Amino acid sequence: MKRLLKGGHLVDPLQGIDGVRDVLLDGDRVVEIGIDLPVAADVEVAEVPAGCVVCPGFVDMHVHLREPGQEHKETIATGTAAAAVGGFTAVACMPNTQPVNDSAAVTRAILERASLVGSVRVYPIGAVSKGMKGETLSEIADLREAGCVAISDDGKPVLTALLMRRALEYAGMFNLPVIDHCEEPTLKGEGVAHEGYIASMLGLRGIPATAESIMVERDIALAEMTGSAVHIAHLSTRQALRGVWAAKARGIAVTCEVTPHHFSLTDQRLTAPIGYDTNLKMNPPLREQADVDAMIQGLRAGTVDVIATDHAPHQQDEKHVEFDRAPFGIIGLETAVPLTIDRLVHGGVITLRRMVQLLSVNPSRILNLPGGTLRAGRPADLTIIAPSVSTTVDLSKSKSLSRNSPFDGWSLRGSVAATIVGGRTVYVNHEVPGAAVFGPAAVRA
Ligand SMILES: [Zn+2]
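### Structural notes on the coordination of the zinc ion
Alright, step 1. Bound to the zinc ion on the protein side are D154 (OD), H181 (ND1) and H234 (NE2), at distances that span 2.1 to 2.2 Å.
Alright, step 2. Counting along the primary sequence, the residues that act as donors to the zinc ion give the motif D-x26-H-x52-H. Residue D154 is found in the loop between β9 (151-152) and α4 (161-173), and its partner H181 is found in the loop between β10 (178-180) and α5 (185-188); the two are separated by 27 residues along the sequence.
Alright, step 3. A relative accessible area of 2% means that D154 is categorised as buried.
Alright, step 4. Overall, H181 belongs to the buried group, its relative accessible area being 3%.

Here it is in structure tokens:
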């Protein structure tokens, strides 16, 4: 079936387009982009509502889907349904499942499940080390063969410099990026919050900024030595960002991502309105204002490549404990795009074009995915946003199985209007006037 999205504002940086274009889809592919495309008899026409922006599908390259093993927190069905609502047409899922995704069998099981129940595309990330124990490398060639798009021990850093060196050497041979959760474990110690004034005041054990930057510098040195690509997950400190900036200037293959919470919140939130809110406990922790300012500057200037959520579902009873004992992490799939539009686009930090680079072009390029553009012949994966329509975050309506978010009740200017994956509409936001033209949605959970 052919479908023509007519008269929308298309932002597709790889084609140099930022203006009104028609987008013609045929089945699961884009077939033509143009101004005032003719309407053939067999084409279904959807007039894109005024104010909506059509973008190549957004990709969240840092998600924890929890399946297999922790299906009480999230499943592939619920996590990808949340992704669809959040405007993501694809997610890359981290390997810290139970069992760990360190073998082709686990990778294949995830992909099989995703093909049955997934609302959006799922790209598994394999473990760097067997069992994520930081001892021996997993079978990287097998993981790639089975469908992994990167390797990472996320949740933990790649423990030793030697293991990181080997990982970069092997993964580099297969053109797979190594994604590292940068945290020097002895400096992190038993820390639960950013080391600084707020943690001292609240009597919480601190995680110093240096725990992050020291590992980022190690990884940069090893990327330079091996010539392989390293991607820094959830970068949060100005010191680490400075390291990435300097490495990029020297031509080293390093990229990095920042989460919406690290550009929207500081550790100051830990004091009010609810003190010790465990929905503000994540790793890396919320940092101080100078770090948030640096993240924003990095997003603006291009030192930061990607916005990724680090969507980390935990059940309410797991979070309803003392701050010290609560697990790290918050969900983020459904709030990332409204936060990005509200804070960064309306905040005057980035243009829509840069937003599409951060959410689509760059994650697709880093993971070697076919998305990132709506060029003719590419998959019909589209995210349609309504930048001027406000969203009020209501966790009770979340598609995720978990509710651990600090953004409940927030009113944000910016909404997802519809999400289309492989030509199939998987989400329509009926709060956006006129968005029904993209429906009906076929979310699978
Ligand atoms: Zn992590």
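### Topic: the pattern of salt bridges
In a structure, side chains of opposite charge can pair up when their charged atoms sit close to one another.
Alright, step 1. For the structure shown, the criterion picks out 19 salt bridges.
Alright, step 2. With a closest N to O distance of 3.0 Å, D219 and R218 form a salt bridge. R218 matches D219 in its accessibility class, with the two residues each being buried.
Alright, step 3. A salt bridge links D305 to K248, with the nearest nitrogen and oxygen atoms 2.7 Å apart.

### A few points about empty space enclosed by the protein
Alright, step 1. The full count for this structure, using the stated rule, is four cavities of 30 Å³ or more.
Alright, step 2. If you add up the space inside the largest cavity, you get close to 110 Å³.
Alright, step 3. Around the largest cavity, the lining is made up of 16 residues, and of these V59, T89, G371, G372 and D381 lie nearest the centre.
Alright, step 4. Counting residues per element, the ones that place at least two in the lining of the largest cavity are β7 (88-93) and β8 (121-124).
Alright, step 5. Class assignment for the residues of the lining of the largest cavity results in eight nonpolar, six polar and two charged.
Alright, step 6. Put simply, the second largest cavity is a space of about 60 Å³.
Alright, step 7. Lining the second largest cavity, in full, are H181, C182, E183, I207, A211, E212, H234, N283, P284, P285 and R287.
Alright, step 8. Grouping the constituent residues of the lining of the second largest cavity by class yields five nonpolar, three polar and three charged.

### Thoughts on the packing of helix α1 (residues 76-85) against helix α2 (residues 104-117)
Alright, step 1. It is the contact of α1 with α2, at a shortest axis distance of 9 Å, that shows an interaxial angle of 60°. Judged on the interaxial angle alone, α2 and α1 are oblique. Considering how the two elements wind past one another, α1 and α2 form a crossing that is right-handed. Only I110, R113, A114 and V117 of α2 make contact with α1, whose side of the interface consists of I76, A77 and T80.
Alright, step 2. Residues that form the contact of α1 with α2 fall into these classes: five nonpolar, one polar and one charged.

### With respect to unusual backbone geometry
What you tend to see is this: most non-glycine residues have negative phi, and most peptide bonds are trans.
Alright, step 1. Omega for the peptide link from E67 to P68 comes to 10°, which places this bond in the cis form.
Alright, step 2. Among the secondary structure elements, P68 is positioned in the loop between β6 (58-63) and α1.
Alright, step 3. Residue N283 is joined to P284 through a cis peptide bond whose omega torsion reads 0°.
Alright, step 4. Even without a glycine there, the phi angle at D36 is positive, about 50°.

### Thoughts on the sheet that holds β8
Alright, step 1. Strand order in this open sheet of three strands is β6-β7-β8, and the pairing throughout is parallel. Each edge of the open sheet is held by one strand with a lone partner, namely β6 and β8. Each strand axis lies, on average, 20° off the axis of its neighbour in the sheet, ignoring direction.
Alright, step 2. Sheet topology places β6 next to β7; four bridges connect them, and they run parallel.

### Thoughts on the nonpolar core
Alright, step 1. F58, I151, I232, L235, M355 and I385 are the most contacted members of the largest nonpolar core, which totals 77 residues.
Alright, step 2. Once residues lying within four places of it in the same chain are set aside, the contact partners of I385 are G51, C52, V53, C55, F58, V337, I341, L352, M355, S415, V416 and A417.
Alright, step 3. Among the nonpolar cores identified, the runner-up in size contains 24 residues, and L25, C52, I420 and V428 belong to it.

### Topic: helix α10 (residues 289-301)
Alright, step 1. Its 13 residues place the ends of α10 18 Å apart at the C-alpha level, agreeing with the 18 Å of an ideal helix rising 1.5 Å per residue.
Alright, step 2. For α10, every residue scored as buried is listed here: D291, V292, A294, M295, G298 and L299. In an axial view of α10, the angular spread of the buried residues amounts to 160°, which keeps them on one side of the axis.
Alright, step 3. Phi turns positive, to about 105°, at G302, one or two residues after α10.

### What about α1?
Alright, step 1. With respect to burial, α1 is a largely interior element, ten of its ten residues being buried.
Alright, step 2. For α1, the elements touching its buried residues are β7, α2, β8, β17 (411-421) and β18 (424-428).
Alright, step 3. Backbone geometry just downstream of α1 places G87 in the positive-phi region, at approximately 90°.

### Digging into the side chain of N279
Alright, step 1. Structurally, the position occupied by N279 is in the loop between α9 (260-264) and α10.
Alright, step 2. Setting aside residues up to four positions removed in sequence, N279 forms contacts with K319, I330, R403, N404, S405 and P406.

### Comments concerning the layout of surface pockets
Alright, step 1. Roughly 600 Å³ of volume is contained in the largest pocket.
Alright, step 2. Together, 26 residues line the largest pocket, and V85, T391, T392, D394 and Y427 are the ones closest to its centre.
Alright, step 3. Looking at the lining of the largest pocket, the element that brings in the most residues is strand β16 (residues 382-392), giving four residues.
Alright, step 4. In terms of residue class, the lining of the largest pocket is made up of eleven nonpolar, ten polar and five charged.
Alright, step 5. Computed from the structure, the second largest pocket encloses a volume of approximately 320 Å³.
Alright, step 6. Residues belonging to the lining of the second largest pocket are distributed by class as follows: five nonpolar, ten polar and four charged.

The rules behind these values
Residues numbered from 1 in each chain as written. Predicted model: local features only at pLDDT ≥ 70, side-chain atom pairs only at ≥ 80, totals over all residues. Heavy atoms only, no water. Donors = N, O, S within 2.8 Å, 3.2 Å for Na, K, Ca; no water. Helix = DSSP H or I, 4+ residues; strand = E, 2+ residues; numbered from the N terminus. Buried < 20%, exposed > 50% of the residue type's maximum accessible area, 1.4 Å probe, protein only. Salt bridge = Lys/Arg side-chain N within 4 Å of Asp/Glu carboxyl O. 1 Å grid on protein atoms, 1.4 Å probe; cavity = no way out; pocket = protein on both sides within 12 Å on 5 of 7 lines; lining within 4 Å. Points joined across faces, edges and corners; volume = space filled by probe spheres on them. Nonpolar A, V, L, I, M, F, W, Y, C, P; charged D, E, K, R; others polar. Axes fitted to C-alpha atoms, helices over the stretch in contact; angles between N-to-C directions. Parallel < 35°, antiparallel > 145°, perpendicular 65-115°, else oblique. Left-handed = near helix turned anticlockwise from the far one by under 90°. Contact = heavy atoms within 4.5 Å. Pairing = 2+ DSSP bridges. Core = buried A, V, L, I, M, F, W, Y, C linked by side-chain atoms within 4.5 Å. Expected span 1.5 Å × (residues − 1). Arc of directions from axis to C-beta.

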